[in-house]
Amino acid sequence: MAEIICIVCPVGCHLTVDEENDYKVTGNQCNKGAIYGKQELQNPVRTVTSTIKIKAGSHPRLPVKTSDTIPKGKITDIMTLINQTEVTAPVSVGDVIIPNILDTGVDIVATRSMS
Amino acid sequence: MYDLIVVGGGPAGLAAALSAYENGCEKILIVERDLELGGILNQCIHNGFGLHYFKEELTGPEYAERFIDQLKNTSIEVMLDTIVLEITEDKQVHTMSKENGYQLLQSKAIVLAMGCRERTRGAIQMPGSRPAGILTAGAAQRYVNIEGYMVGKKVVILGSGDIGLIMARRMVLEGAEVLACIELMPYSGGLTRNIVQCLDDFNIPLYLSHTITDVTGKDRLESITMAKVDDKRKPIPGTEQVIDCDTLLLSVGLIPENELSRNVGIQMDQQTRGAMVYENMETSISGIFACGNVLHVHDLVDYVSAESSLAGKAAAEYVQQQNNIAEKDFLTINNGQGISYILPQKIRKENVDKKVDLYYRVNQVYDTCIVSIQHQGEELAKFKRKNLAPGEMETIPLRKKLLDKVDIKELDIVVREA
């Protein structure tokens, strides 16, 4: 049995996950918690948010995120790639900045428009 | 002449203006001090916003942009790079900007949405020398996320508020070493999920019941001294520990920015440090409304948007009816045992449709407890709650049925262990 805190939403349910019993989750207030609890013990994933350099924009940095969650172990490698990237304004929210990063099937996308 | 002037173009101001527009208000102006709309959301590049309001997880800039986009289809006017110097009881708004100089604008109603400010080193009277490298977590957030400057390499965070926790993770991702997160209280001031995904994920130690007793460094910060505190929050001699670091981020609380509110004579609440408001977010001056972090500091922007929509709708109704509902009978909601604040503080029954959501914070940690609505010791309604902490704002509904049942002038909200 593992006790973890759900991070899917700010409610922060205290989950108990039973590894012996097909990762059955208790203590969750919604179904997302059940999925999270199981995933967190088998293959923890996170969304990464950061910024990249932008030329000719209203600010020197453009905020970006991974379009979906990525395995927790890849965070450092993804940050290295993000820090090597530079774009030029204008950019629209949702624009793909780095497609299929590290072959995860997940893109790095802009989280704001900037001209 | 405007129907409504909204002071502040952050999440609260945007939601209030849009809601007023949807409810029939025509001439609306948003006055914003910064060069763009969106407020603090622009620098909150992390995700976790919008789960309640949009039913999906967004980053701060995405959340802001959704609201800013909605403005485009409206007649709402925006004045950027403009500061409001003063507002008056008869709804005059004095502004100043580079472009237009000094202006005096007349409105029929005003929504106050100025947000809050971070407490600084001075506010917590931290001892030690005064080197560079000590800044608020929000200032660091702006440097890193918007301006593109890294603020340090070996970082200590004082306070475990959400911005501090978020910045701990952010500094690690950008290559810094975060050595400690130090919290005076025996519990964290931030959301539990942020302890998990910002500290635990990166093995950053959280020291509860600890504080900083000394700061050294001539030009740049060189070290801090951390000590354990007793249950009266006094440092315990002999527990000191020196941590070498070049940067100290402060996440030691937020204070609503209420100079305008106080100067115009709005009645304030000592606990929230914001205005006292009625059920529709109207302040003690009729036709002036307040919402968002200027009213009380929220944990979630989703709640700011919801509260501000209420304020905007009420402002639209005020403009259309021009009736002075403030003078009708009201009942007062009191903070009882276990409650640090509750809001709205006053309720006019005539204005309640089905229910009023009461927002509150508890003053200590509770595992399983009962939150009860009482009148002179008699329990009128009760709600079972789990895992309450001062860092998390909670809500209970106050139903119209209950308000109609008896002729009451006061209600107490009380928490007790189940």
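Basis of the calculations
Residues numbered from 1 in each chain as written. Chains lettered and ligands numbered in written order. Predicted model: local features only at pLDDT ≥ 70, side-chain atom pairs only at ≥ 80, totals over all residues. Heavy atoms only, no water. pLDDT = per-residue confidence, 0-100. Pairing = 2+ DSSP bridges. Helix = DSSP H or I, 4+ residues; strand = E, 2+ residues; numbered from the N terminus. Contact = heavy atoms within 4.5 Å. Axes fitted to C-alpha atoms, helices over the stretch in contact; angles between N-to-C directions. Left-handed = near helix turned anticlockwise from the far one by under 90°. Nonpolar A, V, L, I, M, F, W, Y, C, P; charged D, E, K, R; others polar. Domains from an automatic or database assignment.

Within an unreviewed UniProt entry, the label attached to chain B reads Pyridine nucleotide-disulfide oxidoreductase, and the organism entered is Vagococcus elongatus.

Per an unreviewed UniProt entry, chain A is named Molybdopterin oxidoreductase, and its organism is Vagococcus elongatus.

A. Representation of the confidence of the model for chain B. Of all residues in chain B, 98% attain a pLDDT of 70 or more, and the chain-wide mean is 94. Prediction confidence for the complex, expressed as pTM and ipTM, is 0.94 and 0.92 respectively.

B. Spotlight on the sheet that holds strand 17 (residues 247-250) of chain B. Residues and elements named next belong to chain B. The 5 strands are arranged 10-17-11-12-13 in an open sheet whose pairing can be described as parallel. Among the strands making up the open sheet, the edge pair consists of strand 10 (134-136) and strand 13 (206-207). Two elements, strand 11 (residues 154-158) and strand 17, share 4 bridges in a ladder whose sense is parallel. Bridge assignment links Val-156 to a residue of strand 17, and that residue is Leu-248. The strands that helix 3 (residues 137-147) touches are strand 10 and strand 17; relative to strand 10, the one it contacts most, it runs at about 90°.

C. Representation of the packing of helix 3 of chain B against helix 4 (residues 162-173) of chain B. All names here are of chain B. Where helix 3 meets helix 4, the closest approach of the two axes is 9 Å, and the angle between their N-to-C directions is 35°. For the crossing formed where helix 3 meets helix 4, the hand is left-handed. Between helix 3 and helix 4, the contacting residues are Ala-137, Gly-138, Ala-140, Gln-141, Val-144 and Asn-145 on the first element and Ile-163, Gly-164, Ile-166, Met-167, Arg-170 and Met-171 on the second. Broken down by class, the residue content of the contact of helix 3 with helix 4 amounts to 7 nonpolar, 4 polar and 1 charged.

D. Broad picture of the domain arrangement of chain A. Along its sequence, chain A is carved into domain 1 (2-42) and domain 2 (49-110). Just the C-alpha atoms count here: the centres of domain 1 of chain A and domain 2 of chain A sit 29 Å apart.

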